[in-house]
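What the coordinates show
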Amino acid sequence: MHDDPTPLPTNVPTTVPASPTAVTTSPDARPPMIVAERLVKHFGDAVAVDGVDLEVYKGEIFGFLGPNGAGKTTTIRLLTGLLTPTSGRALVGGHDVALAPIAARATMAYLPDTPYLYEKLTGREFIHFVAGLYRVTPEHAARRLDELLPLFDLADRADDLIEGYSHGMRQKTLMVAALVHDPEVMFLDEPTIGLDPRSARLMRDILRRLADNGTTVFFSTHILEIAERMCDRIAIIHRGRIVAQGTMAELRQIARQNETLEDIFLEVTGGAAVAELAQVLA
Amino acid sequence: MIGTPGRTVVRQPPSSFLAATRWLVAARWRILWNTLRRGARWRQVTYLVVAGALAFLALVSLFVSYATTAWIVRLTERPEAADVVAASTLAGVLMLSFLVGFTVALAALYLSADLDLLLASPVSRRAVFFAKLVGGLAPGQAMILVIGLVPLIGHGLAQGYDAWYYGALVLALLVLPIVPASVGAVLVVWIVRRVPAHRLGEIVGLIVVAMTLSIALVAGNSRQLQSAVSLRELLETLERVRSPYSPAEWLSRGLVAAARHDAAGALGWFGLAALVAAVAIVPLIMVSDRLYYDGWIRMHSANLRKQLRGGMLPWQRPGRAERLARPSGVLRWFSPATVAIVRKDLLLIPRDLTNMAQVLSPLSIGAFFIIQQLLYPVRIGGSDIPQPFLQPLLAMLSAMIASGIAAMITSRFGITGFSFEGRRYWLLQAAPVPRRELVVAKFLVGYLPFLALSGGLVLLLETARAFSDARALPSGASLGAVLTALDPLLLGYAWFVCAIVGAGVMAISLALGAARPNMRWDSPHEMMTPDVGCLSLVLYGAYTAVAVLSLAMPMAFSRMVVLGDGRLILWAAGLVIGIGGTALVVAASLRLAASEAALIGE
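Just so we're clear, the structure is a prediction, and the values are computed from it rather than from any experiment. (Residues numbered from 1 in each chain as written. Chains lettered and ligands numbered in written order. Predicted model: local features only at pLDDT ≥ 70, side-chain atom pairs only at ≥ 80, totals over all residues.)

Here we take up the overall build of chain A. Counting its regular elements, chain A contains ten helices and ten strands. When the 282 residues of chain A are sorted by exposure, 49% land in the buried category. Pairs at least 24 residues apart make up 70% of the contacts formed inside chain A by residues separated by at least 6 positions. (Helix = DSSP H or I, 4+ residues; strand = E, 2+ residues; numbered from the N terminus. Buried ≥ 20, exposed ≤ 12 C-beta atoms within 10 Å, placed from the backbone. Contact = placed C-beta atoms within 7 Å.)

Given below as structure tokens:
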């Protein structure tokens, strides 16, 4: 299911922090790092997320799929504490995101789909700023930058203002900023959008290496091929509800033995009609 | 079915230059109309209020122009002498058109969000250029023309001109903006080939504000000049500055010729102006295809040029970045997250010149008061010599002026503290930063510059006063005399009053800004909503009235009123009310800001 990771410096994920208070454990005794319990979010009359239940375990790469407007980004924003749920609760690293937000946020990193950054800061200044927010000492941050900037091919442009960066460079800058504080849990919303093939491959390899070293990775994507090749488990959300969840093998069983993730996705999200329409138009 | 021959799913844009231009301009007007008609209610009310204010100003200008023309005719007994009013008005319109033409052409041609879409579409680039220019310039130029039209109508009424004048007037005002618009567009197209458009926009904004303020400053300090110039001398000066090479002058001569039914003269002057306008606009349109697109391409490759300059700019020194989150100085008492947010904001604010443009106008008011202190020192009873009993009062006045100016500048940082984050607020929301630390950081972003600025202004104002006092002494304004006239105790107390008042104002600003943030801003002007602007004035007024009165009054009248033991009671009451009230205001406001900050983005 996974790509062979590109050889990376061994110090990319430097620490595997001790596990926080475990709620339950997976069959192989790994504690859940992300838990969603009946998460609901209303925006006025519209229901964006409708009773989402999830458990993602330590060291897992969890793919979160769904059509446009299905509730992926809202769910991620609820799990990261950027939105307050209408009901239900979210736990990250064993901490209730609503009751202990600071402790929960200290364990995680979040990369949004649109990398809005401070245009008039340099990449290096931005990363030091984020390091400060996460209470990483300037010395440690500088050491991590020396490791990470060349890895992401940013070393030459790190002292330019971000206003001159391309979308991909911004995404990579955010990734470096996210890794500076060695998060236990990473939330990524469409992380490979706008990245060139080399950077997208690098991103995938880094996420796999991070997961192998104990970091929990939760990401949403539209690219089913990436999800199929990278993820340990996948959840598909449709109209705010989880309509399928499990490993690829489990999903194949749910979706009547369909082989590819695309077929499964279309099956559970009612996209078969769209596929037929596309065939007619072709 | 999509793409089936013979079926048009989407209306195609026309291919000819004129039809494409009309199509694009119509789309632009549709957007404007939708913005007006379907915009928020408060925005519609604001437009109506602005329109009402403009109509009122137009009426005033009609009356002023009528009265001025009639007055000149009565004074000189030569009706043709009053035609200087028409010439001056058209010259003013021309100058305004130049200013607006450049800035609007820059915004319309290079800074619009839809340029990528338009330039990639199968529409003539020349049509995009022309439609953008017309669509961008039209609203501003229309307003300028109305500003010019109304006083010229007043002038015509006073002179008793007939329909020939009014017909020619409309023609003149239609021809006049073409030259400045073309020149502005040429300049923009030429400069953008060398300077990135966004940077140019910031620089132009700064220059326009600086120019406006310089004019206001000179006008405000020219009492003696005003009294020395008679109306007759003013008329002579205006006559002298009528340039025979200006299109405004040609049009004013054509206008006067038309008013006097001199058809040949009118045709000659209007023809000359129209010819120059055509010479300005036609070649521009002809070459715009290549020049405009070339400039646009260069703007997009500006990043590459920046890269080539690597290491030369001040922020391109890696060591500086490390200091961003390192506590030092006053900030050593705060958490690393607070330090990082404060340093980040204090780096970002001066790097965006649009922020600096907003700082200029309050600073110019400070310069105005300093010049006033130097030229017209405050004395009671027309005395020429310094009056020591006035010193505390003047020091407290300096404190009020300094805190007022510093608050005008830094309260914006408070009100827009959260809006300033805009779409990047997720970074602070997702970080493990307690809200109280975030609020304290945003408070410090405004308060630390306030302390420095108010302290500097108090020192400058008091030094100016001390210089005026020393100059009035027989020994003259030596350094020693100036230093002697400065009272360190008064200076210190004045700064203390500023510091207390500033804390309250900043906390109120922050609470208002957190309660009504505008996270989708594109420029600093859009960050503050009108209701917050009004409410802030009321709250600042109420708070500063209490704080300043209680803290400054005991000191201000300390050498003027003999109160005996009552003086101590006055001091004690003032300090308790001033400091205690401010502590309450700060605590309540920061608490409110923290609770409101939690709701931002929901």
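The discussion continues.
Before going further, it helps to spend a moment on the overall build of chain B. From N to C terminus, chain B includes 24 helices and zero strands. In chain B, of all internal contacts separated by at least 6 residues, the share reaching a separation of at least 24 is 83%.

The next point concerns the interface of chain B and chain A. One widely used convention gives an interface's size as the accessible area the parts lose upon coming together. Taken residue by residue, the interface counts 34 residues in chain B and 33 residues in chain A. Mapped onto the side of chain B that touches chain A, the elements with two or more residues apiece are α13 (302-308), α14 (318-322), α15 (336-351) and α18 (425-430) of chain B. The element that contributes the greatest number of residues to the side of chain B that touches chain A is α15 of chain B, accounting for eight residues. Of the residues contributing to the side of chain B that touches chain A, the split by class is 19 nonpolar, six polar and nine charged. (Nonpolar A, V, L, I, M, F, W, Y, C, P; charged D, E, K, R; others polar.)

The next point concerns the packing of helix α6 (residues 163-175) of chain B against helix α11 (residues 247-259) of chain B. Helices that pack against each other are described as a pair by the angle of their axes relative to one another and the distance between those axes. Residue and element names in this part refer to chain B. Closest axis-to-axis distance for the α6/α11 pair is 8 Å, and the angle between their directions is 165 degrees. Between α6 and α11, the interaxial angle falls into the category roughly antiparallel. Regarding α6 and α11, the two cross each other, and that crossing is right-handed. Where α6 approaches α11, its residues Trp164, Tyr165, Ala168, Leu169, Ala172 and Val175 are matched on the opposing element by Leu251, Gly254, Leu255, Ala258 and Ala259. (Axes fitted to C-alpha atoms, helices over the stretch in contact; angles between N-to-C directions. Parallel < 35°, antiparallel > 145°, perpendicular 65-115°, else oblique. Left-handed = near helix turned anticlockwise from the far one by under 90°.)

Take the environment of Ser220 of chain A next. Among the structural elements, Ser220 of chain A can be located in strand β8 (residues 216-220). Residues Ser220 of chain A and Thr73 of chain A, spaced 147 residues apart in sequence, show a C-alpha to C-alpha distance of 7.8 Å.

All names here are of chain A. In spatial order, the strands read β6-β7-β8-β3-β9-β10; together these six strands make up an open sheet with mixed pairing. Single-partner strands in this sheet number two, and they are β6 (108-111) and β10 (241-246). Within the sheet, the average angular offset between the axes of one strand and its neighbour, ignoring direction, is 15 degrees. Lying on the sheet, helix α1 (residues 72-79) is in contact with β3 (61-65), β7 (185-189), β8 and β9 (233-238); it crosses β7 at an angle near 155 degrees. (Pairing = 2+ DSSP bridges.)

Turning our attention to the sheet that holds strand β2 (residues 46-57) of chain A. Residue and element names in this part refer to chain A. Within the open sheet, the four strands sit side by side as β2-β1-β4-β5. Their pairing is antiparallel. Either end of the sheet is taken by a strand with one partner, and the two such strands are β2 and β5 (95-96). Along the sheet, α1 makes contact with β1 (32-43), β2 and β4 (87-92), crossing β1 at roughly 120 degrees.

Right, let's talk about the pairing of β2 of chain A for a bit. Residue and element names in this part refer to chain A. As judged from the nine bridges shared by β1 and β2, these two strands associate in the antiparallel manner. What sits directly across from Phe43, in β2, is Ala46. From the end of β1 to the start of β2, which pair antiparallel, there are two residues, and Gly44 there has a positive phi angle of about 65 degrees.

Our next topic: the environment of Leu174 of chain B. Residues and elements named next belong to chain B. Along the chain, the position of Leu174 falls in helix α6. Accessibility expressed as a C-beta count within 10 Å gives 13 for Leu174, which makes it partly exposed. In sequence terms Leu174 and Ala142 are 32 residues apart; their C-alpha atoms lie 9.6 Å from each other.

Residues and elements named next belong to chain A. Phi angles above zero are rare outside glycine, and Asp182 is one such case at about 50 degrees. Mapped onto the fold, Asp182 is located in the loop between α5 (167-179) and β7. Classification of Asp182 by C-beta neighbours within 10 Å gives buried; the count is 21. A positive phi angle is found at Arg239, which is not glycine, with a value near 50 degrees. Residue classification places Arg239 among the partly exposed residues on the basis of 16 C-beta atoms within 10 Å.

Residue and element names in this part refer to chain A. Burial along β6 is two-sided: Met108 and Tyr110 facing one way and Ala109 and Leu111 facing the other are all buried. Where β6 meets β7, four bridges bridge the pair, whose relative direction is parallel. Bridge pairing in β7 places Met108 opposite Val185.

Quick look at the confidence of the model for chain B now. Residue and element names in this part refer to chain B. For chain B, mean pLDDT is 78; residues scoring 70 or higher make up 77% of the total. Every residue in residues 1-10 scores below 50 in pLDDT, and together they form two contacts with partners more than four places removed in sequence or on other chains. Every residue in residues 307-312 scores below 50 in pLDDT, and together they form six contacts with partners more than four places removed in sequence or on other chains. As scored by the predictor, the complex reaches a pTM of 0.67 and an ipTM of 0.75. (pLDDT = per-residue confidence, 0-100.)

This part covers the confidence of the model for chain A. For residues with low pLDDT, the predicted coordinates do not support detailed interpretation. Residues and elements named next belong to chain A. Chain-level pLDDT for chain A is 81 on average; 83% of the residues reach the 70-or-more range. Within chain A, no element has a lower average pLDDT than helix α10 (residues 272-281), which sits at 55, and none a higher one than β4, at 94. Across residues 1-25 the pLDDT falls below 50, and counting only partners more than four positions away or on other chains, this stretch makes 46 contacts in the model.

Okay, the environment of Ala90 of chain A next. Residue and element names in this part refer to chain A. Structurally, the position occupied by Ala90 is in strand β4. The buried category is assigned to Ala90, around which 23 C-beta atoms lie within 10 Å. Between the C-alpha atom of Ala90 and that of Leu78, which follows or precedes it by twelve residues, the distance is 7.4 Å. Excluding residues that lie within four positions of it along the chain, Ala90 makes contacts with Val35, Ala36, Leu39, Leu78, Leu79, Pro85 and Val97.

On to the packing of α15 of chain B against helix α19 (residues 435-472) of chain B, then. Residue and element names in this part refer to chain B. Two elements in contact, α15 and α19, have axes separated by 9 Å at closest approach and are oriented at 35 degrees. Between α15 and α19 lies a crossing of right-handed hand. Contacts from Ala337, Thr338, Ile341, Val342, Asp345 and Leu346 of α15 reach α19 at Glu437, Leu438, Val440, Ala441, Leu444 and Val445. Here the contact of α15 with α19 is built from residues that sort into nine nonpolar, one polar and two charged.

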